Amino acid sequence: MKTQSSIVVKKFGGTSVGSIARIENVASRIKEDVENGQSPVVVSSAMSGETNRLIGLAGEIDSKYRGEAYDMLLASGEQVSISLLAIALEKRGLKAEPLLAYQLGIKTDSIFSKARILSVDHEKIKQIISEGKIPIVAGFQGINQTSKITTLGRGGSDTTAVAIAAAIKADSCEIYTDVPAVFSADPRLVKKAREIPTLRYDEMMEMASLGSKVLHFRCVELAAKYKIKIHLRSTFEKREGTFIVPEEEAMENPVVSAVTHEALTAVIKLFPVPKGSGFLADLFGKLSEASVVVDIITQSHNEEGQRLAFSLPMSDLELARDVISKAYGDKVSITVMEDKAKISIVGVGMRNYSGVAYRFFNVLSKNNIDIDLVTTSDIKVSAIIDKESLSDAANQLHTEFGLDAT
Ligand code: ADP
Ligand code: ASP
Ligand code: MG
């Protein structure tokens, strides 16, 4: 039996395995790590564009369909990438074992398309490693209690990686992607965004929940729970990226660490709605049963009656509209606003400073950007705005809070 010194979980995102040349590049990189004494456990996403292509195919038949067949379809992308990666590793003289969720015992609950990992069979991975093989695990998928294939939500391969790292008590968990680090804003939107060398779990969690898709929210949540350090880094460059670490190891707490955004947002307005919490409980209960994720909710009242507005991801809009019109279509008028976006500022340092919300609203106001909905917590301020104002808002807020790279 071979004893291993450092077990490192390495997750490769869609762009990193987006072509045969890139898969070969990943395989060469893994080989180098093995030669340097590491014992890798690889997790891979589907090749870039593949999950979207599969969603498109299902949508051509029924864009509202969700359930078993949908998850089985979406999970197929990862089967292709792990097999190709295993072939590329074997070509390089390494032994590799591609593994689907059912083979590895990645057990989840039964919430299709948004399943949560409940357990991972760590003995199986350890056994494969001890046989001198590299496990190549399909990210994003699991199986429920009745062995049906589930998926973890878009971007969920990150969560597979951290769940495995926690289960086998890996020495570290590296997330390889198409950017070299977590930045102070999405570098695609804010050209002056700068790299953040270390981030606390709570900040990264807030960023992820506010739309920073560089890491899946649940992966950071799990990492915090099991104290797994995440190293987010580039697949294409060899340098270090961002370390996501416990509070006590983070270096500094700037007032605002990052500007984040969620481009694909919609707002639903309902009028008139009955007063009191009974209607709200009924409505949000029905939406939750349909697995619709509701974000910011506001109510207002004038002499004409009670209004309700809430934001939600564009991907859940059709489903939500369907649920609402079936349940209350004859009693309330439904207005849907598409082409909305959410812009947020995040920072644990905000807790100790006043005037942050003022500066946020002032920037939007100076740039004539209207706000539909607002929400705040002690470490974030968020607003729903028109999508066409998103770039201005993100860049101006980035400058206002001193985040621009020099
Ligand atoms: P992968 O396929 O490797 O999982 P993703 O597309 O899920 O990659 O995540 C990487 C992308 O996240 C980047 O290309 C970038 O555009 C986006 N992103 C959003 N916010 C940030 C941020 N704050 N820092 C870095 N990247 C970000
Ligand atoms: N392939 C899945 C997606 O595109 C999971 C992932 O990439 O993490 O969402
Ligand atoms: Mg991702």
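If you're wondering where the values come from, they're calculated on a predicted model, not measured in any experiment.

1. Things to note about the overall build of the chain
Here is step 1 of the chain: Counting secondary structure elements, the chain contains 12 helices and 18 strands.
Here is step 2 of the chain: By the compact-globule yardstick of 22 Å for 406 residues, the chain fits well, its C-alpha radius of gyration being 22 Å.
Here is step 3 of the chain: Along the first, second and third principal axes, the C-alpha atoms of the chain reach 75 × 50 × 35 Å.
Here is step 4 of the chain: Every one of the 406 residues in the chain was classed for burial, and the buried ones make up 50%.
Here is step 5 of the chain: Long-range pairs, those at least 24 residues apart, make up 74% of the contacts in the chain between residues at least 6 apart in sequence.
Here is step 6 of the chain: Within the structure as shown, the chain displays about 18,600 Å² of accessible surface, and the carbon and sulfur contribution to it stands at 50%.
Here is step 7 of the chain: With 48 positive and 52 negative side-chain charges, the chain shows a spacing of 3 Å between the two charge centroids.

2. What to know about the sheet that holds strand β6 (residues 134-138)
Here is step 1 of the chain: If you walk across this open sheet you meet the eight strands as β3-β6-β2-β1-β9-β11-β12-β10, and the pairing is mixed. The sheet terminates laterally at β3 (96-99) and β10 (198-200), the two strands that pair on one side only. Across the sheet, the mean angle from the axis of one strand to that of its neighbour is 20°, orientation sign disregarded.
Here is step 2 of the chain: Direction of pairing for strand β1 (residues 6-12) relative to strand β2 (residues 38-44): parallel, over a ladder of seven bridges. The residue bridging Phe12 from the neighbouring strand is Ser44, located in β2.
Here is step 3 of the chain: The strands that helix α3 (residues 68-91) touches are β2, β3 and β6; relative to β6, the one it contacts most, it runs at about 160°.

3. Considerations on the environment of Arg239
Here is step 1 of the chain: By the element assignment, Arg239 lies in the loop between β11 (230-234) and β12 (242-245).
Here is step 2 of the chain: As a C-alpha pair, Arg239 and Pro180 span 59 residues in sequence and 8.0 Å in three-dimensional space.
Here is step 3 of the chain: Those residues in contact with Arg239, other than ones at most four positions away along the chain, are Pro180, Glu195 and Arg233.
Here is step 4 of the chain: Among the polar contacts listed, one links the side chain of Arg239 to the side chain of Glu195, at a separation of 2.9 Å.

4. Thoughts on the site of ligand 1
Here is step 1 of the chain: Taken together, 17 residues lie near ligand 1, and Thr177, Asp178, Phe183, Asp186 and Arg188 sit nearest.
Here is step 2 of the chain: Lys11 is positioned such that a nitrogen or oxygen atom in its side chain is 3.1 Å from an oxygen atom of ligand 1.
Here is step 3 of the chain: Taking Phe183, its main chain carries an N or O atom lying 2.9 Å from a nitrogen atom of ligand 1.
Here is step 4 of the chain: When ligand 1 sits alone it has 570 Å² of accessible area, and the protein chains cover 85% of it.
Here is step 5 of the chain: In terms of residue class, the shell around ligand 1 is made up of eight nonpolar, four polar and five charged.

5. Structural notes on the nonpolar core
Here is step 1 of the chain: One finds Val9, Val41, Ile164, Leu215 and Ile244 to be the most contacted residues of the largest nonpolar core, which totals 41 residues.
Here is step 2 of the chain: The element that contributes the greatest number of residues to this core is helix α6 (residues 157-167), accounting for six residues.
Here is step 3 of the chain: If near-sequence neighbours (up to four positions away) are discounted, Val9 is found in contact with Val41, Val43, Ala161, Ile164, Ala165, Ile168, Ala170, Ser172, Cys173 and Glu174.
Here is step 4 of the chain: If you look at the next biggest cluster of nonpolar residues, it comprises 26 residues, including Phe360, Val363, Ile385 and Ala394.

6. Some points on unusual backbone geometry
Here is step 1 of the chain: Here the residue pair Phe271 and Pro272 is connected by a cis peptide bond, since its omega of -15° sits within 30 degrees of zero.
Here is step 2 of the chain: For Asp339, which is not glycine, the phi torsion reads 55° and is therefore positive.
Here is step 3 of the chain: Structurally, the position occupied by Asp339 is in strand β16 (residues 333-346).

7. Topic: the pattern of salt bridges
Here is step 1 of the chain: Evaluation of the coordinates by the stated rule reveals 31 salt bridges.
Here is step 2 of the chain: Linking Glu400 and Arg359 is a salt bridge whose minimum nitrogen-to-oxygen distance equals 2.7 Å. Of this pair, Glu400 sits in helix α12 (residues 390-400) while Arg359 is found in helix α11 (residues 356-366), placing the two residues 41 residues apart along the sequence.
Here is step 3 of the chain: For Glu400, a relative accessible area of 30% corresponds to the partly exposed category.
Here is step 4 of the chain: The class of Arg359 is partly exposed, set by a relative accessible area of 29%.
Here is step 5 of the chain: A single salt-bridge network, built from bridges that share partners, covers Lys10, Asp33, Glu174 and Arg233.

Rules used in this analysis
- Residue positions are given per chain, counting from 1 as you read along its sequence in written order.
- As they are written, the chains are lettered A onward and the ligands numbered 1 onward, keeping that order.
- With pLDDT at 70 or above as the cut-off, local features in this predicted model cover only qualifying residues; side-chain atom pairs require 80 or more to be listed or tallied, and sums for whole chains, interfaces and linings still use all residues.
- Working from all heavy atoms in the structure, the side-chain values ignore hydrogens and water.
- What counts as a helix is a DSSP run of H or I of at least four residues, what counts as a strand is a run of E of at least two, and both are numbered from the N terminus.
- Within these notes, the globule rule equals 2.2 Å times the number of residues to the 0.38 power, and the radius of gyration is based on C-alpha atoms.
- Under the scheme applied here, a residue whose accessible area is under 20% of the maximum for its type counts as buried, over 50% as exposed, and between as partly exposed, the area being computed with a 1.4 Å probe on protein chains only.
- The contact criterion used throughout is that any non-hydrogen atoms of two residues lie within 4.5 Å.
- Reported accessibility uses the Shrake-Rupley method at a 1.4 Å probe radius. Residues are deemed covered only where the shown protein chains occlude them.
- We count Lys and Arg on the positive side and Asp and Glu on the negative side, and we leave His and both chain ends out.
- For the purpose of locating charges, the reference atoms are NZ of Lys, CZ of Arg, CG of Asp and CD of Glu.
- Any two strands with at least two DSSP-identified bridges between them are counted as paired.
- The axes are straight lines fitted to the C-alpha atoms, using for helices just the contacting stretch, and the angles between their N-to-C directions are given from 0 to 180°.
- Whenever two N or O atoms come within 3.5 Å, that pair is a polar contact, provided that in protein one can donate a hydrogen and the other can accept it, and provided that, for residues adjacent in sequence, both atoms are side-chain atoms.
- Think of it this way: one heavy atom of a residue within 4 Å of a molecule or strand is enough to make that residue near it.
- Each residue gets one label: Ala, Val, Leu, Ile, Met, Phe, Trp, Tyr, Cys and Pro are nonpolar, Asp, Glu, Lys and Arg are charged, and the others, such as Gly, are polar.
- Joining through side-chain atoms within 4.5 Å is the link that ties buried Ala, Val, Leu, Ile, Met, Phe, Trp, Tyr and Cys residues into a set, and such a set is a nonpolar core.
- We define a salt bridge as a contact between a side-chain nitrogen of Lys or Arg and a carboxyl oxygen of Asp or Glu at a distance within 4 Å.

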